[in-house]
Amino acid sequence: MKKYTLSLFTNIFFVIILSAQSYDFKPSYYLDKNNDSIYVFIKDKNENKLSYNFEFKTEQNSISQSTVNAKDCNGFSFIGGEHYLSIFDSILNKNIFIRELAVGPLSLYSFSDSDPEIFFLWKNTSDQQYRLIKNEKIVERNGESYLREDTRYIGILNLLMQDCPEMAKKISTSNYNSNEIIKLVDSYNSCINPETEYKSKTKKTKFYYGPEIGINTYTNHQLHNTKYDSYPSLNRPGFTIGMSMDIKIGAKLFFDVAALYSQYHFEMEWNGVSNPYLHENVDFKFKYLDIPLLLRFNILSTKFTPIIYGGGIFGLMLDHEYIVESDHPALDGTYKLYIDSLKWAMVMGTGVSYDNKLLLKVGYFSSLFLAGANTKMTNNGIEVKVAYLF
């Protein structure tokens, strides 16, 4: 049974890796510099991974791939899906792809490989491009530090939408994010052209998922309300394997949830209080389905950033045992613990993230097991995990 369980989780893990690495090549068109439309199959990825180039095949089952940079074409479209336009951004000093969010008397595009996101607007009566970004900076005044927001984007929106007076109030109460800006542009377009209903697709919550593996080891153990004093003698490494999902809930804030098969392993040396001559070495093994619920914060806005995280872990016991070796051979053997099947733990840690795709996390956890009516066991330890998300 043990070998079967381990083999099952290992096979699932590698299937996840292989399937997640293969993005779909979707039927698409791209416009070359002569505005000629070319039918290809473009690799569909997260939009911030399509900010500067895209990969394509001329045939869906072909092995060979080619790459087109933003400076070498005028844009591309997934058939029945998103549209991207190639422009030169003078602030970034490079060609980029921007994604179409709304079209009408006022058209809206976004560049998502930036924190905060950058928006571009055009009126159909002009070729002038308007660039929106909300910057924040720390300013010092009288020895105090303040966070100052650059709200010039509000003035640009008021300028572009001034021919629809009702928009001023909506602009003043809107937040700077894609869904809010899309709704503003749709409202303005409906105001200018009331016979047409404008309702563009708003962005869904960004989430990332992928396999996660790790190792763990205990650093301290304590049995409470028992006739034994317990002392840690040997902490053996355990492991974790499963699936992780991160949901972006802020510019740098993520909610992390995972389903992990975890094994924990440690030994204790017990000396009986009532019988000072009783000496036992006890080898504990626990197997759990762990469900971590964490908040993660990216410290920097760069692709490579330090992170901090914390939260709780809910565990459902799958199997457990302890092996006793004592001075009294009659007590030797393998036993089951009278222990509750649920485990609760708190965890906090730090690590690094690359592009919200590759995560390395190092954390300290403290877990509580209930063993019978009056007995409980607390265990503290260290975990090191690696996740690869898509």
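In this text the structure is predicted, and so the values were computed from the model without any measurement.

Visitor: Please clarify how the nonpolar core should be interpreted in this entry.
Guide: Generally speaking, a soluble globular protein has its nonpolar side chains buried in company with each other. Counting 30 residues, the largest nonpolar core has I98, L108, F120, L121, L157, M161 and V185 as the members making the most contacts within it. Of all elements in the fold, only β7 (94-102), β8 (106-111), β9 (118-123), β10 (129-132), α2 (152-160), α3 (167-172) and α4 (178-192) reach the threshold of two or more residues within this core. Y264, Y288, V324 and V347 belong to the second-largest nonpolar core, a separate cluster that totals 17 residues.

Visitor: How should I be thinking about the state of the cysteines in this particular structure?
Guide: Considering all chains together, one arrives at one disulfide under this definition. Paired through a disulfide, C164 and C191 show a sulfur-sulfur distance of 2.0 Å. Here C164 and C191 share a disulfide; its torsion about the S-S bond, 105°, makes the bridge right-handed. With C164 in the loop between α2 and α3 and C191 in helix α4, this pair connects stretches of sequence that are 27 residues apart.

Visitor: Looking at this structure, I do not really get the packing of aromatic side chains. What am I missing?
Guide: One pair of aromatic rings is described through two measures. These are the centre distance and the angle between the planes. Following the criterion strictly, the structure yields 23 aromatic pairs and no others. Between Y218 and Y264, the ring centres sit 5.7 Å apart and the planes meet at 35°, which makes this aromatic pair tilted. Of this pair, Y218 sits in strand β13 (residues 207-224) while Y264 sits in strand β15 (residues 253-272), placing them 46 residues apart in sequence. Taken as a pair, Y218 and Y264 share a single burial class, namely buried. Here Y264 and Y288 contribute two aromatic rings whose centre-to-centre distance is 6.3 Å and whose plane-to-plane angle is 70°, an arrangement assigned as edge-to-face. You can see Y264 sitting in strand β15 and its partner Y288 sitting in strand β16 (residues 279-298), a full 24 residues away along the chain. Both residues of the pair, Y264 and Y288, count as buried. The side chain of K57 reaches across the aromatic face of F25, ending 4.4 Å from its centre.

Visitor: Honestly, α4 in this entry has me stumped. Any pointers?
Guide: Each α-helix winds once per 3.6 residues, and so residues spaced three or four apart point in a common direction. Look at α4: 21 Å from first C-alpha to last across 15 residues, which is about the 21 Å you get at 1.5 Å a residue. Burial in α4 covers these residues: S178, I181, I182, L184, V185, D186, Y188 and N189. Packing partners of the buried residues in α4 comprise β7, β8, β9, α2 and α3. Measuring from the side-chain oxygen of the N-cap residue of α4 to the backbone nitrogen of N179 gives 3.2 Å; that N-cap residue is N177.

Visitor: I keep staring at the sheet that holds strand β5 (residues 75-78) and nothing clicks. Help me out?
Guide: Backbone hydrogen bonds hold the strands of a sheet together, and the pairing may be parallel or antiparallel. The strand order across the open sheet formed by ten strands is β4-β3-β2-β1-β5-β6-β7-β8-β9-β10, and the pairing between neighbours is antiparallel. Pairing within the sheet leaves two strands with one partner each, and these edge strands are β4 (66-69) and β10. Looking at each pair of strands side by side, their axes are set apart by 40° on average, direction ignored. Against the sheet, α2 makes contact with β8, β9 and β10, and its axis sits at roughly 145° relative to β10, the strand it touches most. Taken strand by strand, α4 contacts β7, β8 and β9, and its axis lies near 170° from that of β8.

Conventions adopted
- Residues numbered from 1 in each chain as written.
- Predicted model: local features only at pLDDT ≥ 70, side-chain atom pairs only at ≥ 80, totals over all residues.
- Heavy atoms only, no water.
- Core = buried A, V, L, I, M, F, W, Y, C linked by side-chain atoms within 4.5 Å.
- Buried < 20%, exposed > 50% of the residue type's maximum accessible area, 1.4 Å probe, protein only.
- Helix = DSSP H or I, 4+ residues; strand = E, 2+ residues; numbered from the N terminus.
- Disulfide = S-S within 2.5 Å.
- Phe/Tyr/Trp six-rings, centres within 6.5 Å; stacked < 30°, edge-to-face > 60°.
- Lys NZ or Arg CZ within 6 Å of the ring centre and 35° of its normal.
- Expected span 1.5 Å × (residues − 1).
- Contact = heavy atoms within 4.5 Å.
- Polar contact = N/O pair within 3.5 Å; in protein donor to acceptor, adjacent residues only side chain to side chain.
- Pairing = 2+ DSSP bridges.
- Axes fitted to C-alpha atoms, helices over the stretch in contact; angles between N-to-C directions.

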